[in-house]
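Descriptive analysis of the structure
What follows is the residue order along each chain.
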Amino acid sequence: MEIRTYISLVATWRMIIILGIISLVYACSCPDEKISHLSAIAPSRHTLLAVTPSLSLQLTGDTLNKSYPQLRTGKVFPITGLLRVDGILYRFMGGDSLRISPLASLSEDTVGWTGKYSFLFPGKGWEQRIYDDSWWSEGKGAFGPVKGYYYPAHTLWGAENIYVRRHIKVDNKEVFKNHKVYARYVCDDQIKLFCNGGFLLENGFTHLTKCQRLTDEAVSQIVDGDNVLAAYCRNTGGAGLLDFGLYIENKTYADAKPATLKKIDVQATQTQFIFQCGEVDLQIDFVSPSLSEKWDLTDWPVGFLSYQVCTESGKEHAVEVLFDVDTEWMFDKREIDSWIEQDWRFVKSDSLYLAMAADETTFSCMDGHAILSQKLYVGNERDKDSSGVLLVGYEEGQVLQYDGEALSPLWNSDGTREVKELMKSVGNRYKELKAECDILDNRWNTKALQAGDKTLAEQMLPAYRNFISSHRFISSSDNKLFCFGDTLGNVREAYENFPTLLFFNRTDWMKGLLNPVFAYCEDIHWVKKYPPYDIGLYPIASKQVKLEDCAVEAAANMLMMTTAIVEAEQDFDYAGMHWEQLEVWADYLQQKMKKEIYPIIGLLDENDERVKCVLGLAAYYKLIQLKGNL
């Protein structure tokens, strides 16, 4: 009974693999069929703009003008987009302003602040608003090393513990109504923060200034008159540091009306929005040019937002588009550089680059915000520009360490290129890139609908951008392409991404996922008969992160993925280069089948070891057939 069951499984899964590969290869190779209108795709969440894994913007639903885009970490990307039409502001991107004003400033924002402190435990109730702290010492915040330290401290703190009470006067608590309130702090090593005795937060060491919004309950505890912000901090070794303050949201764009969303369409390479702003329509497209095929821009850390305004009435309107990025919120830094270079206005803060065409563009910088704006024309005359582009670039500071070498990203394999040069190259041909992406989206949209229904399209098309937004493309020392997610060489993640890459006929990226695994296993230091689950955590390829080997799954997945590449290319060369290694993995699965007695209990799923053994060996036998036929 068991033998018949296994034979049935082999036949079934081999047929599924073969039919799936044939249908996908056909879908990727059939002639393009132009359609006049794309089928609008609106997934619940997708990658809005793929720049680098560190700066890929995510969006939930149709919330572009209701909330800020988020990074993959969940942190918001604080960009506000506004269109001024005949003096009236309309917000098409971002939420309420992230600008904040101090109620009680940090030391780095002022020349210090006065507080009461004690190095000894002052007794119960020390954090309450009503408490006699007259016997406490008085000092100037921040507290820590007063010389030769990166942060401006004014009162020496050399003990293990410190208790600080900071009195804050509030003239009218009504100012908090409909405004967010934030606690900002920096600590080394551990902090507990209270407001009028109510607990606010607890956190460990941070050398960067942190900002945490207060709950409505915490804000309600603030009273007119005297308030106390109290902090306990413990230093577990080295220099100690404590600074904290209270800030309130400054709604700079409070008078901006939310633009009316008329359309959202998510395709493989770009996302398009159309907003109505009074009598003017704004079309804004988020384009990820690294998905280009005509020009190979793989791994280019650049994306762009193209925008265009029009009106059906034909009337002239004074229109200005404005982008506001809060760099301090992003990087805890206020340094912003700006310059004009070859007709482009550049703005740089930390690792982030922004650029707009210098003509008709103005730049301003205020309170850690970079603001770029451009005048546009709306009316009957056709010789005036009603469109523009915002370029977004990002330079990751970490370099991949692999086998004792520092490997360069694919876009800068020779180490001589700069992000700003890539941005100029993209900017100078952004209309051509946009047109090419339109053609690509047309093609993949048609094929997705031919292969399935709209549900398949909503899953498949955004997955293409999701993949490139979460992977780094690296040039190996022997000029092979290595494609890495955050966990390097993760076989399971590669397996999960293969259907998407196969659909889009990206066998080059499929090989990029497998190349580092093959290289790792073919090294003399790897002696196991099965592949590793992974080879490290970015940016260091050192050792497997996952404790369990997942040996059967890894070996079977590698065999199946190699078979998919050979089938898609109808060329055995890739498997031939790694044939000895593939034989080792197939033999491991064969021996596993012989030695292990797998009871057939209950229903099987694709992750069951029994199924994985069968699928892996089925893929290997298919490779043997292809070896003799291709």
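Structure: above.
Now for a look at the structure at hand. (Residues numbered from 1 in each chain as written. Predicted model: local features only at pLDDT ≥ 70, side-chain atom pairs only at ≥ 80, totals over all residues. Heavy atoms only, no water.)

1. Some words on the environment of Asp359
- One can find Asp359 in the loop between strand 23 (352–357) and strand 24 (361–366).
- Along the chain, Asp359 and Arg345 lie 14 residues apart, while their C-alpha atoms are 8.5 Å from each other. (Helix = DSSP H or I, 4+ residues; strand = E, 2+ residues; numbered from the N terminus.)

2. Let's talk about empty space enclosed by the protein
- Overall, the coordinates contain 5 cavities of 30 Å³ or more when judged by the stated rule.
- One number sums up the size of the largest cavity: a volume of about 60 Å³.
- What lines the largest cavity is simply His471, Cys483, Phe484, Gly485, Thr487, Gly489, Asn490, Glu493, Ala494 and Leu513.
- Put simply, the parts of the chain that give the lining of the largest cavity at least two residues each are strand 30 (481–484) and helix 7 (491–503).
- A breakdown of the residues in the lining of the largest cavity according to their chemical character gives 4 nonpolar, 5 polar and 1 charged. (1 Å grid on protein atoms, 1.4 Å probe; cavity = no way out; pocket = protein on both sides within 12 Å on 5 of 7 lines; lining within 4 Å. Points joined across faces, edges and corners; volume = space filled by probe spheres on them. Nonpolar A, V, L, I, M, F, W, Y, C, P; charged D, E, K, R; others polar.)

3. Some details on the sheet that holds strand 16 (residues 260–266)
- Strand order across the open sheet formed by 8 strands is 16-17-18-19-26-23-22-21, with antiparallel pairing between neighbours. With partners counted over all chains shown, the strands left at the sheet margins are strand 16 and strand 21 (337–341), one partner each. Strand-to-strand twist of the sheet, defined as the mean angle between neighbouring strand axes without regard to direction, takes the value 15 degrees.
- Lying on the sheet, helix 4 (residues 419–428) is in contact with strand 19 (302–310), strand 21, strand 22 (344–349), strand 23 and strand 26 (387–394); it crosses strand 26 at an angle near 155 degrees. (Pairing = 2+ DSSP bridges. Axes fitted to C-alpha atoms, helices over the stretch in contact; angles between N-to-C directions. Contact = heavy atoms within 4.5 Å.)

4. Observations concerning the sheet that holds strand 15 (residues 257–258)
- Taken together, 6 strands build an open sheet; the order of strands is 15-4-3-20-25-24 and the sheet is mixed. The outermost strands of the open sheet, each flanked by one partner alone, are strand 15 and strand 24.
- Strand direction decides the pairing type here: strand 4 (residues 88–93) and strand 15, joined by 2 bridges, are parallel. Directly across from Tyr90, in strand 15, lies its bridge partner Lys257.

5. As for the packing of helix 7 against helix 9 (residues 551–569)
- At a minimum axis distance of 9 Å, the contact between helix 7 and helix 9 shows a crossing angle of 20 degrees. Relative to helix 9, the element helix 7 is oriented roughly parallel. Crossing geometry of helix 7 relative to helix 9 is assigned as left-handed. Here Val491, Arg492, Ala494, Tyr495, Phe498 and Leu502 of helix 7 come into contact with helix 9, specifically with Glu553, Ala554, Asn557, Met558, Met560, Met561, Ala564, Ile565 and Ala568.
- Class assignment for the residues of the contact of helix 7 with helix 9 results in 12 nonpolar, 1 polar and 2 charged. (Parallel < 35°, antiparallel > 145°, perpendicular 65-115°, else oblique. Left-handed = near helix turned anticlockwise from the far one by under 90°.)

6. Quick look at the pattern of salt bridges
- Under the defined criterion, the tally for this structure stands at 23 salt bridges.
- A salt bridge links Asp285 to Lys434, with the shortest nitrogen-to-oxygen separation between them at 3.9 Å. Residue Asp285 is located in strand 18 (residues 280–287), and its partner Lys434 is located in helix 5 (residues 430–451); the two are separated by 149 residues in the primary sequence.
- With a relative accessible area of 14%, Lys434 lands in the buried category.
- Salt bridges linked by common partners bring Arg72, Glu396, Arg472 and Asp486 together as one network. (Salt bridge = Lys/Arg side-chain N within 4 Å of Asp/Glu carboxyl O. Buried < 20%, exposed > 50% of the residue type's maximum accessible area, 1.4 Å probe, protein only.)

7. Quick notes on the state of the cysteines
- Applying the stated rule across the entire model yields 0 disulfides.
- Left without a disulfide partner, Cys187 is nearest to the cysteine sulfur of Cys233, which lies 5.2 Å away. (Disulfide = S-S within 2.5 Å.)

8. Remarks on the packing of aromatic side chains
- The full count for this structure, using the stated rule, is 35 aromatic pairs.
- For the ring pair Phe304 and Tyr430, a centre distance of 5.9 Å and an interplane angle of 70 degrees mean the geometry is edge-to-face. Within this pair, whereas Phe304 is found in strand 19, its partner Tyr430 is found in helix 5, the two being separated by 126 residues in sequence. Of the two residues examined, Phe304 and Tyr430, each falls in the buried class.
- Taken together, a centroid distance of 5.9 Å and an interplanar angle of 75 degrees make the contact between Phe518 and Tyr574 edge-to-face. Taken together, the residues span a long stretch of sequence, with Phe518 in helix 8 (residues 507–521) and Tyr574 in helix 10 (residues 573–577) at a distance of 56 residues.
- Here the aromatic cluster, defined as three or more aromatic residues joined through ring pairs, consists of Trp444, Tyr464, Phe467, Phe473, Phe503, Phe504 and Trp509.
- For Arg472, the ring lying beneath its charged end belongs to Tyr538, and the centroid distance is 3.7 Å. (Phe/Tyr/Trp six-rings, centres within 6.5 Å; stacked < 30°, edge-to-face > 60°. Lys NZ or Arg CZ within 6 Å of the ring centre and 35° of its normal.)

9. A look at unusual backbone geometry
- Note that the residue after Gly141, namely Ala142, is joined by a cis bond; omega there is 10 degrees.
- In this structure, Ala142 sits in the loop between strand 7 (137–141) and strand 8 (161–170).
- Here the residue pair Tyr538 and Pro539 is connected by a cis peptide bond, since its omega of 15 degrees sits within 30 degrees of zero.
- With respect to the helices and strands, Pro539 occurs in the loop between strand 32 (536–537) and strand 33 (540–541).
- Backbone geometry at Asp350 places phi at a positive 55 degrees, although glycine is not the residue there.
- Mapped onto the fold, Asp350 is located in the loop between strand 22 and strand 23.
- Here Asp350 falls in the partly exposed class, since its relative accessible area comes to 28%.

Taken by themselves, the reported measurements are silent on function.
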